[in-house]
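# A closer look at the structure
Here's the letter readout for the chains.
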Amino acid sequence: MALLKFKSDVGPVSGRLTPQVEMFLQDFSIEVMPRTAEKVADFNDLLPAKTRVYVAHIEGTPIEDMVRTAARLNSDGYSVMPHFPARIIKDKDTLADWIARYQGEADVDQALLLAGGVDTPHGDFDSSISLLETGAFDKAGFKRLHVAGHPEGNKDIDPDGTRKNVDDALKWKQSFSEQTDAEMAIATQFAFESRPIINWANGLKAAGIDLPIHIGIAGPAKLQTLIKFSIACGVGASLRVLQRRAKDVTKLLLPFEPTDVLTELAAHKAANPDFNVTRVHFFPLGGIKTNAHWAIENGGSAATPVNAV
């Protein structure tokens, strides 16, 4: 694949990092929305073939746009994983319709199941557990199901600041993973510090939750953009990384890159091969072109099989 040639949305991006990071970025995934995908003339100029591309389903996006985007990405040679946000799915008939459309029109056999970013459910479903309990994905023969993870907790689920509800939900999903034929993994919200991620992942494993973790990382973006999304998404503890950066006037206008967090996670993985963070999932908050360029420049590829953990 040719090197990318475009003007970065956030300015220059760095060159290749360490061999450990290069290994850690193998088979990275990335997220798009239908409206941002429309702006990309050719994804083959951006991403390696077989890259797993999540299609984010934001409230108000017609299912027709979601399926059309999934079909395009699939025809371009990518492994497509659409979001199924429980709270915007009205009922079992709607769920069955979405699954049938994705399978029939876009050859989709994998999905990310999550509660979704709305406060009040539109119908019968309020969580990814309620979607899994229908058995619809197993019946349809989906080969891979991902569920959400929150390294810094989620105050929408645990208003008291604990992890009780999110941890109980992951224990349920761990049990479900032992009953389904689908491969399962945890895809997480983004964070900016390695230590909270490592402690969280190790804590899950100690609690008997050994689903592979695909760690969410915010791609290169303007500092103001990352702070805005971090507050909106409830990213708490590691927001201090951005706040410290904002106090340094010499760095205020430079793009923030995930160099430190990925270098530290990659080093930890190299020293602890059984560490259950197995993949990197990028949130392209500074633009998909900028993020894809940065990932590939630092060794990211889809060289490993797309059905790997």
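Values in this document were obtained by computation on a predicted structure and should not be read as measured data.

## Digging into the overall build of the chain
The secondary structure content of the chain amounts to 12 helices and 8 strands. Residues classed as buried in the chain amount to 51% of the 309 residues present. Summarising the internal contacts of the chain: among those between residues at least 6 apart in sequence, 81% fall at separations of at least 24. Entry remark: accessible area of the chain is about 14100 Å², with carbon and sulfur atoms responsible for 51%.

## As for the nonpolar core
Grouped together as the largest cluster of nonpolar side chains are 68 residues, with contacts concentrated most on Phe-43, Phe-84, Phe-137 and Phe-282. Ignoring anything within four residues of it in the chain, the contact list for Phe-282 reads Leu-25, Phe-28, Ser-29, Ile-30, Glu-31, Ile-217, Gly-219, Pro-258, Leu-262, Asn-291, Trp-294 and Ala-295. Grouped together as the second largest cluster of nonpolar side chains are 9 residues, Phe-192, Ala-218, Phe-283 and Leu-285 included.

## So, the packing of helix H3 (residues 63-75) against helix H4 (residues 92-106)
Direction vectors running N to C along H3 and H4 enclose 30°, while the axes themselves pass 9 Å from each other. Compared by their axis directions, H3 and H4 come out roughly parallel. In this structure, H3 crosses over H4, and the sense of that crossing is right-handed. Only Trp-98, Arg-101, Tyr-102, Glu-105 and Ala-106 of H4 make contact with H3, whose side of the interface consists of Ile-63, Glu-64, Met-66, Val-67, Ala-70, Ala-71 and Asn-74. Considering only residue class, the contact of H3 with H4 consists of 8 nonpolar, 1 polar and 3 charged.

## A short note on unusual backbone geometry
Of note in the backbone geometry, Lys-50 takes a positive phi value of approximately 75° without being a glycine. By relative accessible area, which is 52% here, Lys-50 ends up exposed. Positive phi is not limited to glycine here, since Asp-107 has a value of about 55°. On the basis of relative accessibility, which here comes to 58%, the residue Asp-107 falls in the exposed class.

## Digging into the pattern of salt bridges
Counted under the stated rule, the structure contains 5 salt bridges. Where Asp-65 meets Arg-68, a salt bridge forms, and the shortest distance between an N and an O atom there is 2.9 Å. You can see Asp-65 and its partner Arg-68 sitting in helix H3, 3 residues apart, about one turn around the helix. For Arg-68, a relative accessible area of 51% translates into the label exposed. The partner of Asp-109 in a salt bridge is Lys-143, with the nearest N and O atoms 3.9 Å apart. Taken together, the residues Asp-109 in the loop between H4 and strand S4 (110-114) and Lys-143 in the loop between helix H6 (136-139) and strand S5 (144-149) connect sequence positions 34 residues apart. The class of Lys-143 is exposed, set by a relative accessible area of 57%. A network of salt bridges, in which partner residues are shared, links Glu-64, Asp-97 and Arg-101.

## Some points on the confidence of the model for the chain
Per-residue pLDDT for the chain has a mean of 86; in total, 82% of the residues score no lower than 70. Confidence drops under pLDDT 50 across residues 1-15; counting only partners more than four residues distant or on other chains, this segment forms 39 contacts. When the criterion is pLDDT under 50, residues 303-307 qualifies, and its contacts beyond four places in sequence or with other chains add up to 11 contacts.

## Notes on the environment of Ala-86
Structurally, Ala-86 is set in the loop between strand S3 (79-85) and H4. Remark: the alpha-carbon pair of Ala-86 and Ile-129, spanning 43 residues in sequence, is separated by 8.9 Å. Those residues in contact with Ala-86, other than ones at most four positions away along the chain, are Leu-114, Ala-115, Phe-125, Asp-126, Ser-127, Ser-128, Ser-130 and Leu-131.

## Concerning the packing of aromatic side chains
As enumerated under the stated definition, the model contains 11 aromatic pairs in all. Measuring from centroid to centroid gives 5.5 Å for Phe-84 and Tyr-102, while their planes differ by 55°, and the two rings are tilted. Placement of the pair is Phe-84 in strand S3 and Tyr-102 in helix H4, with a sequence separation of 18 residues. Their ring planes at 70° and their centres at 5.7 Å tell us that Phe-190 and Phe-192 sit as a pair that is edge-to-face. Each member of the pair, Phe-190 as well as Phe-192, carries the same accessibility label: buried. Taken together, the ring pairs in this structure connect Phe-84, Trp-98, Tyr-102, Phe-137 and Phe-142 into an aromatic cluster.

Thresholds, definitions, all that
- Residues numbered from 1 in each chain as written.
- Predicted model: local features only at pLDDT ≥ 70, side-chain atom pairs only at ≥ 80, totals over all residues.
- Heavy atoms only, no water.
- Helix = DSSP H or I, 4+ residues; strand = E, 2+ residues; numbered from the N terminus.
- Buried < 20%, exposed > 50% of the residue type's maximum accessible area, 1.4 Å probe, protein only.
- Contact = heavy atoms within 4.5 Å.
- Areas by Shrake-Rupley, 256 points an atom, 1.4 Å probe, with all protein chains shown as cover.
- Core = buried A, V, L, I, M, F, W, Y, C linked by side-chain atoms within 4.5 Å.
- Axes fitted to C-alpha atoms, helices over the stretch in contact; angles between N-to-C directions.
- Parallel < 35°, antiparallel > 145°, perpendicular 65-115°, else oblique.
- Left-handed = near helix turned anticlockwise from the far one by under 90°.
- Nonpolar A, V, L, I, M, F, W, Y, C, P; charged D, E, K, R; others polar.
- Salt bridge = Lys/Arg side-chain N within 4 Å of Asp/Glu carboxyl O.
- pLDDT = per-residue confidence, 0-100.
- Phe/Tyr/Trp six-rings, centres within 6.5 Å; stacked < 30°, edge-to-face > 60°.

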